[in-house]
Amino acid sequence: MSKVTTVIEELVTPILEELNLELVDIEFIKEGRNWFLRVYIDTPGGGIDIEQCALVSERLSVILDEKDPIEQNYYLEVSSPGAERPLKKESDFEKAVGKFIYVKTYEPIKDMKEFEGYLKAYNEDGLEMEVRIKTRKLNVFIDKDKVAKARLAIDFSS
């Protein structure tokens with residue numbers, strides 16, 4: 001995590017705890033000439049609404065104006081993680097068991113680096129997925145330390 005995202009996490013966490021919301025992800029990225037600070041939040045059961053995002057945005061904006069932890073000018077965006085929510089924390093993976101996910105790995109597994117399929121199991125060692133390759137279904141085990149990126153995905157095959 002970058003220094004900016006670490007500082008923002010420390011500032012937004014008390015707000016989210018008070019409102020019984022959870023932090024999904026923080027991005028601080030440059031797009032063209034503009035910097036964006038994106039804070040993705042959700043409810044513990046999923047289903048955040050625009051009023052909750054607006055409330056967090058207002059409260060976080062006040063704190064950011066007071067503390068001024070970011071040198072660059074930037075746009076603050078507080079939003080839902082969407083249907084393709086990233087899976088980062090252990091609890092994210094645990095909640096995703098049985099769901100359709102996308103995983104990209106740092107190195108090939110079975111000659112592939114990208115997998116889409118159903119998360120069958122997750123534990124401290126890694127995850128097991130059922131993936132479809134052409135007409136075959138295969139179970140693939142992926143070590144946790146080989147996961148570069150993971151997110152929920154939409155299954156268009158059914």
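Residues numbered from 1 in each chain as written. Predicted model: local features only at pLDDT ≥ 70, side-chain atom pairs only at ≥ 80, totals over all residues. Heavy atoms only, no water.

**Q** Honestly, the environment of Lys 144 in this entry has me stumped. Any pointers?
**A** Of note, Lys 144 is situated in the loop between β7 (136-143) and β8 (147-152). Since its relative accessible area comes to 30%, Lys 144 is described here as partly exposed. Each C-alpha atom of the pair Lys 144 and Ile 154 lies 22 Å from the other, and the pair is 10 residues apart in sequence. The residues touching Lys 144, leaving out its near neighbours within four places in the chain, are Glu 90, Tyr 122, Asn 123, Glu 124, Asp 125 and Gly 126. (Helix = DSSP H or I, 4+ residues; strand = E, 2+ residues; numbered from the N terminus. Buried < 20%, exposed > 50% of the residue type's maximum accessible area, 1.4 Å probe, protein only. Contact = heavy atoms within 4.5 Å.)

**Q** How should the sheet that holds strand β4 (residues 100-109) be read in this particular structure?
**A** Two strands in a sheet stick together by hydrogen bonds in their backbones, pointing the same way (parallel) or opposite ways (antiparallel). As summarised here, the arrangement of the five strands in space is β7-β6-β5-β4-β8, forming an open sheet in which the pairing is antiparallel. Of all the strands in the sheet, the pair left with one neighbour each is β7 and β8. Here the strands of the sheet are splayed against their neighbours by 40° on average, with no regard to which way each runs. Looking at chain direction, β4 and β8 are connected through five bridges and run antiparallel. Looking at β8, one finds that Lys 104 is bridged to Lys 149. (Pairing = 2+ DSSP bridges. Axes fitted to C-alpha atoms, helices over the stretch in contact; angles between N-to-C directions.)

**Q** Can you help me understand the side chain of Arg 151 in this one?
**A** For Arg 151, the position within the fold is in strand β8. One polar contact links Arg 151 to Glu 84, side chain to side chain, over a distance of 3.5 Å. Excluding residues that lie within four positions of it along the chain, Arg 151 makes contacts with Glu 84, Arg 85, Pro 86, Leu 87, Ile 101 and Tyr 102. (Polar contact = N/O pair within 3.5 Å; in protein donor to acceptor, adjacent residues only side chain to side chain.)

**Q** Would you mind going over the pairing of strand β3 (residues 75-79) with me for this structure?
**A** Two faces, one strand: in a regular strand the side chains alternate between the faces of the sheet. Note that strand β2 (residues 34-42) and β3 share five bridges and pair parallel. Bridge pairing in β3 places Arg 38 opposite Glu 77. This β-α-β element, β2 to helix α2 (residues 50-67) to β3, shows right-handed connectivity. (Right-handed = clockwise from strand over helix to strand, strands pointing away.)

Take it as geometry only, folks, not as evidence of what the structure does.
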